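Descriptive analysis of the structure
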Amino acid sequence: IRHGITQGYQTDSGLTPMGGWQSHQRGHSLSKSVRPGQKVRIVCADTSRARQTADQIYRGMTDGLAQWGREADISKPEPIPELRNFQVWTPDGPRDVTSAFRQYQALMEKLERMAVGDRPRWLVEIDRFYRNQLGGADPIYMWLTIPLMYFEPPQSCVRRFWRGFHRLMAESPDTRIIAATHSGPIRAFATWAHGYDPGEPVNTEEVVVRVKHGGRTATVSYRNRVTEVNIPQEDEIPRWDA
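Thresholds, definitions, all that
- Residues numbered from 1 in each chain as written.
- Predicted model: local features only at pLDDT ≥ 70, side-chain atom pairs only at ≥ 80, totals over all residues.
- Heavy atoms only, no water.
- Helix = DSSP H or I, 4+ residues; strand = E, 2+ residues; numbered from the N terminus.
- Buried < 20%, exposed > 50% of the residue type's maximum accessible area, 1.4 Å probe, protein only.
- Contact = heavy atoms within 4.5 Å.
- Polar contact = N/O pair within 3.5 Å; in protein donor to acceptor, adjacent residues only side chain to side chain.
- Salt bridge = Lys/Arg side-chain N within 4 Å of Asp/Glu carboxyl O.
- Axes fitted to C-alpha atoms, helices over the stretch in contact; angles between N-to-C directions.
- Parallel < 35°, antiparallel > 145°, perpendicular 65-115°, else oblique.
- Left-handed = near helix turned anticlockwise from the far one by under 90°.
- Nonpolar A, V, L, I, M, F, W, Y, C, P; charged D, E, K, R; others polar.
- Pairing = 2+ DSSP bridges.
- Expected span 1.5 Å × (residues − 1).
- Disulfide = S-S within 2.5 Å.
- Core = buried A, V, L, I, M, F, W, Y, C linked by side-chain atoms within 4.5 Å.

Okay, the overall build of the chain next. The helix and strand inventory of the chain stands at seven helices and nine strands. Principal-axis analysis of the C-alpha atoms gives the chain an extent of 65 × 45 × 30 Å. When burial is assessed residue by residue, the chain has 49% of its 242 residues classed as buried. Pairs at least 24 residues apart make up 63% of the contacts formed inside the chain by residues separated by at least 6 positions.

This is the structure:
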């Protein structure tokens, strides 16, 4: 599930009141399909907007179950590293593309003030990404389609998600997992599964992954399209950077 409407993308902002309401409503809606006694584990990316989304989903689900007179085993939200947003390399190491914005903005302002001609390559790439957004274009489409040397590649996000799914399945068998994360990796995952870019998920929109018994195949559902995929096994995933 993509996080709710956030206060902005120039820092690790939390949700707006509307974003909190959206997330609570999503949790309340999900509660309708929770069976009595079912185990549900809620996880999220470790950012303010994803954590707050997961918290509101939890509250919405528990409120809904109380309303329906049903009981289920729902865990409180916990962040897991595999669900993080895509990263951009900076001199301080890899950072969430949103967290890197202030560093990028401050350095660009300094270089422009000093009239320095050359820019570090990571700065050129993140500047292109944010100018794309400011111009009203789709920066995630750019990330999906243009090779970027200093951005975590989309396929790495898909692999990372599957590593997290494998871990969650091993830790919590026979459990429904609800994950709050970010649009970029979600869109990369859906594009990988369906073989085309189905577009940007709106706030609190979901991609549903149903793992079949045996853990070798799954169905991925997004915007009325359902695709069956072979689940990448950890020992079968090639390593290109060796």
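As a further point, take the side chain of His 3. Inspection of the secondary structure puts His 3 in the segment before helix H1 (17-31). Within the structure, His 3 has its side chain in polar contact with the side chain of Arg 49 (distance 3.4 Å). Residue contacts for His 3: discarding those within four places in its chain leaves Tyr 9, Arg 49, Ala 50, Thr 53, Thr 181, His 182, Asn 203 and Thr 204.

This next bit is on the pattern of salt bridges. This model, assessed by the stated rule, comprises 13 salt bridges. A salt bridge links Glu 206 to Arg 26; the nearest nitrogen and oxygen atoms lie 3.8 Å apart. Highlighted residues: Glu 206 in the loop between helix H7 (183-194) and strand S7 (208-211) and Arg 26 in helix H1, separated in sequence by 180 residues. Arg 223 serves as the salt-bridge partner of Glu 205, at 2.8 Å between the closest nitrogen and oxygen. Here Glu 205 is found in the loop between H7 and S7, whereas its partner Arg 223 is found in the loop between strand S8 (217-222) and strand S9 (225-230), with 18 residues between them in sequence. We classify Glu 205 as buried; its relative accessible area is 16%.

So, about the packing of H1 against helix H2 (residues 48-68). As a packed pair, H1 and H2 sit with axes 6 Å apart at the nearest point and diverge in direction by 45°. Compared by their axis directions, H1 and H2 come out oblique. In this structure, H1 meets H2 at a crossing whose hand is right-handed. Contacts from Gly 20, Ser 23, His 24, Arg 26, Gly 27, His 28, Leu 30 and Ser 31 in H1 reach Thr 53, Gln 56, Ile 57, Arg 59, Gly 60, Met 61, Asp 63, Gly 64, Leu 65, Gln 67 and Trp 68 in H2. Its residues assigned to classes, the contact of H1 with H2 shows five nonpolar, 11 polar and three charged.

Bridge count for strand S4 (residues 87-90) against strand S5 (residues 93-96) is four bridges, and the pairing is antiparallel. For Trp 89, the partnering residue across the bridge sits in S5 and is Pro 94. Here S4 folds back onto S5, and the loop between the two strands holds two residues.

Helical periodicity: at 3.6 residues per turn, an α-helix aligns residues three or four positions apart in one direction. Helix length check: H1, at 15 residues, gives a terminal C-alpha distance of 21 Å against a target of 21 Å (1.5 Å per residue), a fit within 8%. All of the buried residues along H1 are Gly 19, Gly 20, Gln 22, Ser 23, His 24, Gly 27, His 28, Leu 30 and Ser 31. Close packing links the buried residues of H1 with H2 and strand S6 (176-180).

This part takes up the state of the cysteines. Within this structure, the stated rule accounts for zero disulfides. Cys 157 carries a free sulfur, and the closest cysteine sulfur to it, the one in Cys 44, is 17 Å from it.

Let us look at the nonpolar core. Residues Met 61, Phe 129, Trp 143 and Phe 151 are the most contacted members of the largest nonpolar core, which totals 51 residues. Of all the elements, helix H6 (residues 154-171) adds the most residues to this core, at six residues. In contact with Phe 151, not counting residues within four places along its chain, are Phe 86, Gln 87, Val 88, Val 97, Glu 125, Ile 126, Phe 129 and Trp 143.

Taking 1.5 Å as the rise per residue, H6 with 18 residues should run 26 Å; its terminal C-alpha atoms sit 26 Å apart, in good agreement. Taken together, the buried positions of H6 are occupied by Pro 154, Cys 157, Val 158, Arg 159, Arg 160, Phe 161, Trp 162, Gly 164, Phe 165 and Leu 168.

The next point concerns the packing of H6 against H7. Relative orientation and spacing of two packed helices are given, respectively, by the angle between their axes and the distance between those axes. Where H6 meets H7, the axes come as close as 9 Å, and the angle between the chain directions of the two elements is 90°. When the axis of H6 is compared with that of H7, the two are roughly perpendicular. Across the interface between the two elements, Pro 154, Cys 157, Val 158, Phe 161, Trp 162 and Phe 165 of H6 pack against Pro 185, Ile 186, Ala 188, Phe 189 and Trp 192 of H7.

Trans is the prevailing form of peptide bonds, just as negative phi is the prevailing case for residues other than glycine. Here the phi dihedral of Arg 223 falls at roughly 50°; this positive angle occurs in a residue that is not glycine. Note on Arg 223: relative accessible area 38%, which makes it partly exposed.

So, about the sheet that holds S8. Pairing in this open sheet of three strands is antiparallel, and the strands run S7-S8-S9 from one edge to the other. Looking at which strands have only one partner, the edges of the open sheet turn out to be S7 and S9. Neighbour to neighbour, the strand axes of the sheet diverge by 20° on average, direction disregarded. Bridge count for S7 against S8 is four bridges, and the pairing is antiparallel. In the strand pairing of S8, Val 208 is matched with Ser 221.

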